[in-house]
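Commentary on secondary and tertiary structure
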Amino acid sequence: MQDEFRQLTKDLGKSAVFITHDLDEAIRIGDRIAIMKDGVIIQTGTAEEIILNPADDYVADFVAGISRLHLIKAHSVMQLVTRFEAENPGQDVSSFAHTHPEADIDELIDLTLQHRAAGLAVRDGGELVGIVTPADLLLGVKGSQSPAQTHG
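Our subject in this report is the structure included herewith. (Residues numbered from 1 in each chain as written. Predicted model: local features only at pLDDT ≥ 70, side-chain atom pairs only at ≥ 80, totals over all residues. Heavy atoms only, no water.)

As for the overall build of the chain
What counts, and what does not: Here a strand is any run of E in DSSP of at least two residues, a helix any run of H or I of at least four, and the numbering for each starts at the N terminus. Working definition: with a 1.4 Å probe on protein chains only, accessible area under 20% of the residue-type maximum means buried, over 50% means exposed, and in between means partly exposed. By definition in these notes, contact holds between two residues if any of their heavy atoms fall within 4.5 Å. For the area figures, the Shrake-Rupley method with a 1.4 Å probe applies, and any residue is considered shielded solely by the protein chains shown. Asp and Glu are treated as the negative residues and Lys and Arg as the positive ones, with His and the ends of the chain left uncounted. For the purpose of locating charges, the reference atoms are NZ of Lys, CZ of Arg, CG of Asp and CD of Glu.
Within the chain, the regular secondary structure consists of eight helices and five strands. Listed N to C, the secondary structure of the chain is α-α-β-β-α-α-α-α-β-α-β-β-α in terms of helices and strands. Dimensions of the chain, computed from C-alpha atoms along their principal axes, come out at roughly 55 × 35 × 25 Å. Across the 152 residues in the chain, those meeting the buried criterion constitute 37%. Within the chain, contacts between residues at least 6 apart in sequence are counted, and of these 51% link residues at least 24 apart. Taken as a whole, the chain presents about 9100 Å² of accessible surface, with 52% of it coming from carbon and sulfur. Within the chain, the 24 negative side-chain charges are centred at a point lying 1 Å from the centre of the 12 positive side-chain charges.

Shown next as structure tokens:
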């Protein structure tokens, strides 16, 4: 039913407001989510934005049990190439396996295990835009970000 609802709104080119107490359902259906407490909106954003940057302890507790494997994307956990190279002099990033900014944590973990490199090269249209290290992946699964990470 959730898939049908989502497809119907896309096919009709319409927006819809869907109210639920089930966070998993909100994440599955919604492009943007609003978290409310006592009738007041505490935070709005994509599921990824809310999970990575909860507005307060209430939101952090509310999203704590949500799996990040398919929500968090490479663009949210990657490091700038310049920072990676500065912190890892002599490391040849050209040998890293390639991925794209929208690859999810699950895909990044699989690539890391297959290639066992010090990082993954994130490319957007052929341009190298970032590096995802195993430590970045762990922080993404945990729901934390390091200062080395960038958005977008």
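A look at the pairing of strand 4 (residues 120-124)
Our working rule: We treat two strands as partners when DSSP finds at least two bridges between them. When the strands point away from the viewer and the connection leading from the first strand across the helix to the second strand turns clockwise, the crossover is called right-handed.
Note that strand 3 (residues 97-99) and strand 4 share three bridges and pair parallel. Following the sheet pairing, threonine 99 is matched in strand 4 by valine 122. The β-α-β motif built from strand 3, the intervening helix 7 (residues 105-115) and the parallel element strand 4 has right-handed crossover chirality. Summarising the sheet, strand 4 and strand 5 (residues 127-132) pair through five bridges and their orientation is antiparallel.

Observations concerning helix 8 (residues 134-142)
Working note: α-helix, 3.6 residues per turn, so residues spaced by three or four point in the same direction. Spelled out, the test is: When we speak of the arc, we mean the arc of directions from the helix axis to the C-beta atoms.
Inspection of helix 8 places Asp136, Leu137 and Gly140 among the buried residues, and these make up the whole buried set. Along the axis of helix 8, the buried residues cluster in a sector spanning 100°; they form a single face. Facing away from the buried side of helix 8 by over 90 degrees, the exposed positions are Leu138 and Lys142. Turning to helix 8, the residues buried within the fold contact helix 5 (74-77), helix 7 and strand 5.

Observations regarding the pattern of salt bridges
Threshold: Should a side-chain nitrogen of Lys or Arg be within 4 Å of a carboxyl oxygen of Asp or Glu, the pair is scored as a salt bridge.
Counted by the stated rule, this structure contains two salt bridges. Residue arginine 32 pairs with glutamate 49 through a salt bridge whose shortest N-O separation is 3.9 Å. Residue arginine 32 is located in the loop between helix 2 (23-29) and strand 1 (33-37), and its partner glutamate 49 is located in helix 3 (residues 47-52); the two are separated by 17 residues in the primary sequence. Among the residues examined, glutamate 49 registers a relative accessible area of 42% and is labelled partly exposed. Arginine 83 is paired through a salt bridge with glutamate 87; the nearest N and O atoms lie 3.5 Å apart. Of the two residues, arginine 83 and glutamate 87 are both situated in helix 6 (residues 81-87); the distance of four residues between them amounts to about one turn of the helix.

Some words on the sheet that holds strand 3
Put simply, the rule reads: The angle between two axes is taken between their N-to-C directions and runs from 0 to 180 degrees, where each axis is a line fitted to C-alpha atoms and a helix contributes only its stretch in contact.
As summarised here, the arrangement of the three strands in space is 3-4-5, forming an open sheet in which the pairing is mixed. The strands lining the two open edges of the sheet, one partner per strand, are strand 3 and strand 5. The sheet shows a mean angle of 35° between the axes of neighbouring strands, taken without regard to direction. In the packing of helix 7 onto the sheet, the strands contacted are strand 3, strand 4 and strand 5, and the crossing angle to strand 3 comes to about 170°.

Comments concerning the environment of alanine 117
Mapped onto the secondary structure, alanine 117 falls in the loop between helix 7 and strand 4. Setting aside anything within four residues of it in sequence, one finds alanine 117 in contact with Phe96, Thr112 and Pro134.

Points about the nonpolar core
Spelled out, the test is: Residues belong to one nonpolar core when they are buried, are Ala, Val, Leu, Ile, Met, Phe, Trp, Tyr or Cys, and are joined through side-chain atoms within 4.5 Å.
In this structure, Ile27, Ile33, Leu108 and Val132 are the most contacted members of the largest nonpolar core, which totals 26 residues. Elements with a contribution of two residues or more to this core: helix 2, strand 1, helix 3, helix 4 (57-63), helix 5, helix 7 and strand 4. Examining the composition of this core, we find that four residues originate from one element, helix 3, more than from any other. When residues no more than four places from it in sequence are discounted, the contact partners of isoleucine 27 are Ile33, Ala47, Ile66 and Leu71. Core analysis: the next-biggest nonpolar cluster, separate from the first, contains six residues, Val81, Phe84, Val93 and Phe96 among them.

Purely spatial values, then, with no claim about function.
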